[in-house]
Amino acid sequence: MRKMLVSFMLIISSEIIYAQLYPEPIHVDGGKFQMGDNAGDKDERPAHQVTVKSFSIAKTETTVGQWQEFCTSTSRKMPEVPWFGLKVDQPIVNVSWDNATAYCLWLTNKTGKKYRLPTEAEWEFAARGGNKSTGSQFSGNKIIDSVAWYGGKSVGPMPVAQKLPNELGIYDMTGNVWEWCSDWYDANYYASSPAIDPKGPASGKYYTFRGGAWDIGARNGRVSYRNPLSPTSRNHNKGFRVVLEE
């Protein structure tokens, strides 16, 4: 009986380690939603109806621990450590769009499942709560403090999943760190965006990132807010989360 108990504990321990080292996907049923905000910035207009197919998105932003596993497996160097340090349960930062897509490719090869960055439409649909959305301008609640680290109220990003999740059980889609999307950025794209599974312009100079960050004000954490950045850029408040195709 004692040996059986030890073996059981080892299995449980292995499952816990796996959950920490690889993203936990949350299923998002496909559906229709109003993307953008007519009261927002110019690049958020016009608000328009979009349909997305079902997909899964990571429950949290990619963590330092998950990134360490990638670096160990591929003999990459870890990003430079910011002044606030790096802890395994915090979101990884100082990663570029190119770095994030390399992680997705590695994860695809590692698991045999298709991982990638979310499109802007997928990201916004998930951030809004998908088909369970209550219409909040922040991901999960109209009161930003309940769901987000933002506005310099912490010294650096915080461990993931400490605030309340949104309607789908997804954490930190407002605040903590900005999140890269797969789309090229075009401020005027919404005027001609396809109505079904839009994937952004065919080319561009910048990629889009979403969600605000621990040192950014509440307005930039709105689920409709868009921001462009060079794919090689990286700094202390930008990370990402992955999508699993179904």
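As a reminder, the structure under discussion sits directly above these lines.
Conventions and cut-offs
- Residues numbered from 1 in each chain as written.
- Predicted model: local features only at pLDDT ≥ 70, side-chain atom pairs only at ≥ 80, totals over all residues.
- Heavy atoms only, no water.
- Buried < 20%, exposed > 50% of the residue type's maximum accessible area, 1.4 Å probe, protein only.
- Helix = DSSP H or I, 4+ residues; strand = E, 2+ residues; numbered from the N terminus.
- Pairing = 2+ DSSP bridges.
- Phe/Tyr/Trp six-rings, centres within 6.5 Å; stacked < 30°, edge-to-face > 60°.
- Lys NZ or Arg CZ within 6 Å of the ring centre and 35° of its normal.

**Examining the pairing of strand 2 (residues 31-35)**
Turning to step 1, where the next piece is worked out: Because side chains alternate across strand 2, one face comprises the buried residues G31, F33 and M35, and the other comprises K32 and Q34, none of which is buried.
Turning to step 2, where the next piece is worked out: Across five bridges, strand 2 lies against strand 3 (residues 48-52) in antiparallel orientation. Paired with M35 across the bridge in strand 3 is H48.

**Some words on the packing of aromatic side chains**
Turning to step 1, where the next piece is worked out: Taken as a whole and judged by the stated rule, the model has 17 aromatic pairs.
Turning to step 2, where the next piece is worked out: Between W67 and F70, the ring centres sit 4.8 Å apart and the planes meet at 70 degrees, which makes this aromatic pair edge-to-face. Placement of the pair is W67 and F70 together in helix 2 (residues 64-74), with a separation of three residues, close to one helical turn.
Turning to step 3, where the next piece is worked out: Accessibility expressed as a relative area gives 3% for W67, which makes it buried.
Turning to step 4, where the next piece is worked out: Note on F70: relative accessible area 1%, which makes it buried.
Turning to step 5, where the next piece is worked out: Ring plane angle 45 degrees and centroid distance 5.6 Å describe the contact between Y103 and W106, whose orientation is recorded as tilted. Of this pair, Y103 and W106 both sit in helix 3 (residues 97-111), separated by three residues, roughly a single helical turn.
Turning to step 6, where the next piece is worked out: Residue Y103 is classed as buried on the basis of its relative accessible area, which comes to 0%.
Turning to step 7, where the next piece is worked out: With a relative accessible area of 9%, W106 lands in the buried category.
Turning to step 8, where the next piece is worked out: The structure contains a cluster of three or more aromatic residues connected by ring pairs, namely Y22, W67, F70, Y103, W106 and F240.
Turning to step 9, where the next piece is worked out: Over the ring of W149 we find K163; its NZ or CZ atom is 4.3 Å from the centre of that ring.
Turning to step 10, where the next piece is worked out: For the cation-ring pair, R226 lies above Y190, with the distance from its terminal atom to the ring centre recorded as 4.5 Å.

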